[in-house]
Amino acid sequence: MRYTVRKLVVSMMMSLDGCCEGSGGNSMALPMDDFFNAHNLERLRHADTLLLGATTYKAFQGYWPAVADNPELSPAVAADPRVADVHRETGRRNNEIQKVVVSDSLTADDTAPWEDTTVLVRRGEVQQAVADLKDRPGQDILTFGSRKVWNGLLAAGLVDELHLMVGAAVLGGGTPAFAAGQVPPLRLLDTRRGDGSDNVLLRYQVIHPGTRPQGAPVAG
């Protein structure tokens, strides 16, 4: 059996009660601290493709291009200038990286200033598009946010790792991180806590039929 080397990695934050957004879709209800920002940048350094839903894409598109040139425009940098370098590099990497955006409504006219790095994929075509990406050589395919997109791909057996940052917050309602239905078995690969952070990163391998657990010897 041939094992795919290129991975689809989902990186997201969730609350202690399992929500990725607060009431009304408020993602800022989660404690997105320096550890969260540093981890996102780390994942971007290991990826060459972003896979995003339309809502997350538009949010990134409206924020990161300006921050790449002027990180002081970020509220986080305004509050703590020491994080300017992290935000500047994150913005520049988001500008440069190839982006695959899942949407039935966006057109090429909606992609500026990222028209040269954005490919639009219709929802009904996303599974085949991701399977094709994973068969090509390259670095990780990375997903931030985009809950509906990655939950569908998780159920289809196309997600390889979940990087869940569990924030020290109980939202008491909001959007569940995981869609209803069965989640494939997960194997814990790593846990991490940043200095001075109350958030915890949990890194899981998704186990699908035929998956070789990471760290297991390869059969000769």
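Refer to the structure presented above.
Residues numbered from 1 in each chain as written. Predicted model: local features only at pLDDT ≥ 70, side-chain atom pairs only at ≥ 80, totals over all residues. Heavy atoms only, no water.

## Describing the overall build of the protein chain
Thinking step 1. Secondary structure assignment for the protein chain yields seven helices and 10 strands.
Thinking step 2. Judged by the C-alpha coordinates and their principal axes, the protein chain covers about 55 × 40 × 35 Å.
Thinking step 3. The buried share among the 220 residues of the protein chain stands at 43%.
Thinking step 4. Within the protein chain, residue pairs in contact and separated by at least 24 positions form 72% of the contacts whose partners lie at least 6 positions apart.
Thinking step 5. Taking the average place of the 22 positive charges on the side chains of the protein chain and the average place of its 26 negative ones, the gap between the two points comes to 5 Å. (Helix = DSSP H or I, 4+ residues; strand = E, 2+ residues; numbered from the N terminus. Buried < 20%, exposed > 50% of the residue type's maximum accessible area, 1.4 Å probe, protein only. Contact = heavy atoms within 4.5 Å. Lys, Arg positive; Asp, Glu negative; His and termini not counted. Charge placed at Lys NZ, Arg CZ, Asp CG, Glu CD.)

## A few points about the pattern of salt bridges
Thinking step 1. On inspection of all chains with the given rule, the structure shows 12 salt bridges.
Thinking step 2. Put simply, glutamate 89 and arginine 45 hold a salt bridge, and the shortest N to O gap is 2.8 Å. Separated by 44 residues along the polypeptide, glutamate 89 in helix H5 (residues 84-96) and arginine 45 in helix H1 (residues 34-45) bring together distant segments of the chain.
Thinking step 3. The class of glutamate 89 is partly exposed, set by a relative accessible area of 23%.
Thinking step 4. Take arginine 45: its relative accessible area is 43%, and that puts it in the partly exposed class.
Thinking step 5. Residue arginine 93 pairs with glutamate 89 through a salt bridge whose shortest N-O separation is 2.8 Å. Of this pair, arginine 93 and glutamate 89 are both found in helix H5, four residues apart, which corresponds to roughly one turn of the helix.
Thinking step 6. Arginine 93 gets classed as partly exposed once you look at its relative accessible area, which sits at 30%.
Thinking step 7. Salt bridges linked by common partners bring Glu42, Arg43, Asp140 and Arg192 together as one network. (Salt bridge = Lys/Arg side-chain N within 4 Å of Asp/Glu carboxyl O.)

## Focus: the packing of aromatic side chains
Thinking step 1. With the rule as written, the count across this model stands at four aromatic pairs.
Thinking step 2. An angle of 55 degrees between the planes, with centres 5.7 Å apart, marks the rings of tyrosine 57 and tryptophan 114 as tilted. With a gap of 57 residues between them, tyrosine 57 in helix H2 (residues 54-61) and tryptophan 114 in the loop between strand E4 (98-102) and strand E5 (118-121) connect regions that are remote in the sequence.
Thinking step 3. A ring pair is formed by tyrosine 63 and tryptophan 64, whose centres lie 4.8 Å apart and whose planes are at 90 degrees; its orientation type is edge-to-face.
Thinking step 4. Judged by its relative accessible area of 28%, tyrosine 63 falls in the partly exposed class.
Thinking step 5. Classification of tryptophan 64 as buried rests on a relative accessible area of 12%. (Phe/Tyr/Trp six-rings, centres within 6.5 Å; stacked < 30°, edge-to-face > 60°.)

## Some points on the sheet that holds strand E3 (residues 47-53)
Thinking step 1. Taken in spatial order, the eight strands line up as E5-E4-E3-E6-E1-E7-E10-E9 in an open sheet, and their pairing is mixed. At either end of the open sheet lies a strand with only one pairing partner, and these are E5 and strand E9 (186-192). Going from strand to strand, the sheet's axes swing by 25 degrees on average, the running direction of each strand aside.
Thinking step 2. Of the pairings in the sheet, the one linking E3 to strand E6 (residues 140-144) comprises three bridges and is parallel in character. From the neighbouring strand, leucine 50 faces E6, where its bridge partner is leucine 142.
Thinking step 3. In the packing of H2 onto the sheet, contacts are made with E3, E4, E5 and E6, and the angle to E3 comes to roughly 115 degrees. (Pairing = 2+ DSSP bridges. Axes fitted to C-alpha atoms, helices over the stretch in contact; angles between N-to-C directions.)

## Some details on the pairing of E6
Thinking step 1. A large share of E6 lies buried, amounting to five of its five residues.
Thinking step 2. Where burial is concerned, the two faces of E6 agree: the one with Asp140, Leu142 and Phe144 and the one with Ile141 and Thr143 are both buried.
Thinking step 3. Examined bridge by bridge, strand E1 (residues 8-14) and E6 share four bridges and lie parallel to one another. Bridging across to E6, valine 9 finds its partner in leucine 142.

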